[in-house]
Amino acid sequence: MTRSSDRHAELARSLLRGAVDLHIHTAPDIFPRSVDAIEAAEEAKAAGMAGIAIKSHSTDTAARAETASRRAGFPVTGGVALNYPVGGLNPYAVQESARQGGRIVWLPTLSARHFLARAHNVPILRAQSPLESEGITVTTEDGRLKPEVEEILQLVRQHDMILCSGHVSPSEAIQVFRRAQQVGIERLVVTHPHADFVGASAEDMAELAALGALNEMHYAFVTEIIEPPQTMSHLADLIRAVGVRACYLATDGGQAANPRPVEALRLFIEGMLAEGFTPDEVRYMTAEAPRTLLGQEATSPA
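The model shown is predicted, which means the values in this text are computed figures rather than measured ones.

Q: Any chance you could explain the overall build of the protein here in plain terms?
A: Each helix and strand in the protein was counted, giving 12 helices and nine strands. In summary, the protein has a C-alpha radius of gyration of 18 Å against a globular reference of 19 Å for 302 residues, a match within 12%. By residue count, 59% of the 302 residues in the protein fall in the buried class. When contacts within the protein are restricted to residue pairs at least 6 apart in sequence, long-range pairs at least 24 apart make up 76% of them. Summed over all atoms, the accessible surface of the protein reaches about 12,200 Å², with 49% contributed by carbon and sulfur.

What follows is the structure, encoded as structure tokens:
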């Protein structure tokens, strides 16, 4: 390693302290995973992080998160992705997740019509997607938000949850987030807008940020699970185009083929430092912004 890369590696380890990763996939799952929720929590705690959130494409993770949090003595957040296994755009699934302590609602991911039409470069996801279905949209044929989306938005507002765009199209996300802003939802996330299967432009990301959303940028997309992988410089260019204050970093980690989530976040931080972001900018994107979404004060690492 060069002296510069040594410095970035050491700084990345220090910046893990107090960081929050709001997007980790854990076992058991329909995909091979490197960690279960308890292991993910224990490893994040050992690194001095301040919290994690766990996600599944096929089941609510609120109960799993509570169990992991209790076992590890560490903050773990869960929620529900509105795919076919939970009934799609199902307000009852949102209500029950909230009752179990779930804090995050993802619009459809693997079941989104937009994703199913564009998922050629993520074969690991495409293989488990509902191929027999045309997929879920959040709008009716005449372009209006579906009534069940309106119900879901009211529940998200009522329970002060985080609403994430999942794998719907940029135009769908803009329409939902515009309405979300109108009804008073304050915690909005654009899920990996840089993914080819999402296809958001920097202009889309800026428009979503103007509606109060933060753009969640993911390490997993620079790895071999994507064909071809994106680059750190590509993600850095997008962040600069949209603005650091409109973005935060997460791993979308947990794939068995990738580094374990804590190491993935460290590598992501190291990569962003190498791309010229300052420690304060990285601290904002790994700690301050995700903590704001969770509504938590800064937690001093042990």
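Picking up where we left off.
Q: For this particular structure, what's the right way to read the environment of Q95?
A: Here Q95 shows up in helix 4 (residues 91-99). For the pair Q95 and H159, spaced 64 residues apart in the sequence, the C-alpha separation amounts to 8.7 Å. With residues near it in sequence (within four places) discarded, Q95 still touches L155 and H159.

Q: Whenever I open this one, the packing of helix 4 against helix 7 (residues 147-158) confuses me. Can you help?
A: Two numbers describe how helix 4 lies on helix 7: the axes approach to 9 Å, and their chain directions differ by 15 degrees. With respect to their mutual orientation, helix 4 and helix 7 come out roughly parallel. Taken as a pair, helix 4 and helix 7 cross one another with a handedness that is right-handed. When helix 4 is examined against helix 7, the residues P91, V94 and Q95 are found in contact with a partner set consisting of E148, E151, I152 and L155. Classifying every residue of the contact of helix 4 with helix 7 gives four nonpolar, one polar and two charged.

Q: How should I be thinking about the environment of P147 in this particular structure?
A: Relative to the assigned elements, P147 resides in helix 7. A relative accessible area of 56% means that P147 is categorised as exposed. Along the primary structure P147 and H8 are separated by 139 residues, whereas in three dimensions their C-alpha atoms are 49 Å apart.

Q: Is there a simple way to explain the pairing of strand 9 (residues 247-250) in this structure?
A: Every other side chain in a regular strand lies on the same face of the sheet, so the side chains alternate between the two faces. Residues of strand 9 alternate between two faces, with C247 and L249 on one and Y248 and A250 on the opposite face, all of them buried. Inspection of the sheet shows strand 8 (residues 213-218) paired to strand 9 by four bridges, in the parallel sense. Within the sheet, the bridge partner assigned to M217 lies in strand 9 and is L249.

Q: How should the packing of helix 10 (residues 232-242) against helix 11 (residues 261-274) be read in this particular structure?
A: Axes are the key here: two packed helices are described by the angle between their axes and the distance separating the axes. For the pair helix 10 and helix 11, the least separation of the axes is 10 Å and the interaxial angle reads 70 degrees. Classed by the angle they form, the pair helix 10 and helix 11 counts as roughly perpendicular. Relative to helix 11, helix 10 is oriented so that their crossing is right-handed. Judged by residue contacts, M232, L235, A236 and I239 of helix 10 engage L267, F268, G271 and M272 from helix 11.

Reading guide: rules and limits
- Numbering of residues starts from 1 in each chain and follows the order in which that chain's sequence is written.
- At least 70 in pLDDT is required for a residue's local features to be given in this predicted model, at least 80 for side-chain atom pairs to be given and counted, and no such filter applies to totals for whole chains, interfaces and linings, which use all residues.
- Working from all heavy atoms in the structure, the side-chain values ignore hydrogens and water.
- Only DSSP runs of H or I reaching four residues or more are called helices, and only runs of E reaching two or more are called strands; each is numbered from the N terminus.
- Only the C-alpha atoms count toward the radius of gyration. The rule for a globule is 2.2 Å times the residue count to the power 0.38.
- For the exposure calls, accessible area comes from a 1.4 Å probe over protein chains only, and a residue counts as buried if that area is under 20% of its type's maximum, exposed if over 50%, partly exposed in between.
- Contact definition: two residues touch when any of their heavy atoms are within 4.5 Å.
- Under the convention used here, a 1.4 Å probe and the Shrake-Rupley method define accessible areas, while residue burial counts only the protein chains that appear.
- Here the axes come from fitting lines to C-alpha atoms, over the contacting stretch only for helices, and the angles between their N-to-C directions go from 0 to 180 degrees.
- Every angle not falling under 35 degrees, over 145, or within 65 to 115 is termed oblique; those three ranges are roughly parallel, roughly antiparallel and roughly perpendicular.
- A clockwise turn of the near helix away from the far one marks a right-handed crossing, whereas an anticlockwise turn of less than a right angle marks a left-handed crossing.
- Each residue gets one of three labels, nonpolar for Ala, Val, Leu, Ile, Met, Phe, Trp, Tyr, Cys and Pro, charged for Asp, Glu, Lys and Arg, and polar for the others, Gly among them.
- Pairs of strands are assigned from DSSP output, requiring at least two bridges between the strands.

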